[in-house]
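So you can see what is in the structure, the chains are spelled out below.
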Amino acid sequence: MSARQLLGIGLLSFAFIPHHYTTPSKPHDEKTVQTKDTVYTFHNDVLPLLQSNCNPCHFSGGKVYKKLPFDDYKTVVSLGKKLTTRLKQKEQQAIINGWIGSGAKKKD
Ligand code: HEC
């Protein structure tokens, strides 16, 4: 086995170490050990998701852009969980729900 292969395996196994093993934990107070929740923001997560799924109708030039523009934070916030009814994939719904659950932030 070459040094290069060994290095590859080393990097691979490192990549598979779950994040929380690398952060210090308090063994006698399990409840304070928190896995960092992903904080979704409108600009980083929600807008790109809507842009790739809800075009062209809800974006500039689309037929409901005047009524429901999805590049407008306020419009999207006001729709809230209704957005998930139009998204088929669980991962996409999870992003919307996670975003709302963490306070529907605009930016980080
Ligand atoms: C083919 C065009 C089109 C696409 C693509 C589209 N929409 Fe819409 N959407 C509409 C129209 C038309 C309405 C009705 C607006 C009205 O109430 O008059 C609407 C209304 C809505 C509403 C509000 C109505 C309600 O159910 O209360 C939501 C929420 C919504 N769309 C979400 C989405 C999401 C999320 C996507 C992308 C996954 C999407 N739409 C993609 C055309 C579209």
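Located above this text is the structure these notes cover.
Here the structure is a predicted model, which means the values were calculated and not measured.

### Overview of helix 5 (residues 90–101)
Helical periodicity: at 3.6 residues per turn, an α-helix aligns residues three or four positions apart in one direction.
Reasoning step 1: Between its first and last C-alpha atoms helix 5 spans 16 Å; for 12 residues at 1.5 Å apiece the expected length is 16 Å, and the two agree.
Reasoning step 2: On its buried side, helix 5 packs onto helix 3 (42–53).
Reasoning step 3: Taken from the residues just after helix 5, G103 is the one with a positive phi, measuring 95°.

### Here we look at the site of the ligand
Reasoning step 1: Every one of the 13 residues lining the ligand counts as a neighbour, but N53, C54, C57, K82 and R86 are closest to it.
Reasoning step 2: When the residues that make up the shell around the ligand are grouped by side-chain class, the tally is seven nonpolar, two polar and four charged.

### Comments concerning the packing of helix 3 against helix 5
Reasoning step 1: Their axes nearest at 10 Å, the elements helix 3 and helix 5 cross at an angle of 140°. Overall, the two elements helix 3 and helix 5 adopt an arrangement that is oblique. The handedness of the crossing between helix 3 and helix 5 comes out as left-handed. Mapping the contact onto sequence places D45, V46 and L49 in helix 3 and Q92, I95, I96 and W99 in helix 5.
Reasoning step 2: Residues belonging to the contact of helix 3 with helix 5 are distributed by class as follows: five nonpolar, one polar and one charged.

Analysis parameters
Residues numbered from 1 in each chain as written. Predicted model: local features only at pLDDT ≥ 70, side-chain atom pairs only at ≥ 80, totals over all residues. Helix = DSSP H or I, 4+ residues; strand = E, 2+ residues; numbered from the N terminus. Expected span 1.5 Å × (residues − 1). Contact = placed C-beta atoms within 7 Å. Near = placed C-beta within 6 Å. Nonpolar A, V, L, I, M, F, W, Y, C, P; charged D, E, K, R; others polar. Axes fitted to C-alpha atoms, helices over the stretch in contact; angles between N-to-C directions. Parallel < 35°, antiparallel > 145°, perpendicular 65-115°, else oblique. Left-handed = near helix turned anticlockwise from the far one by under 90°.

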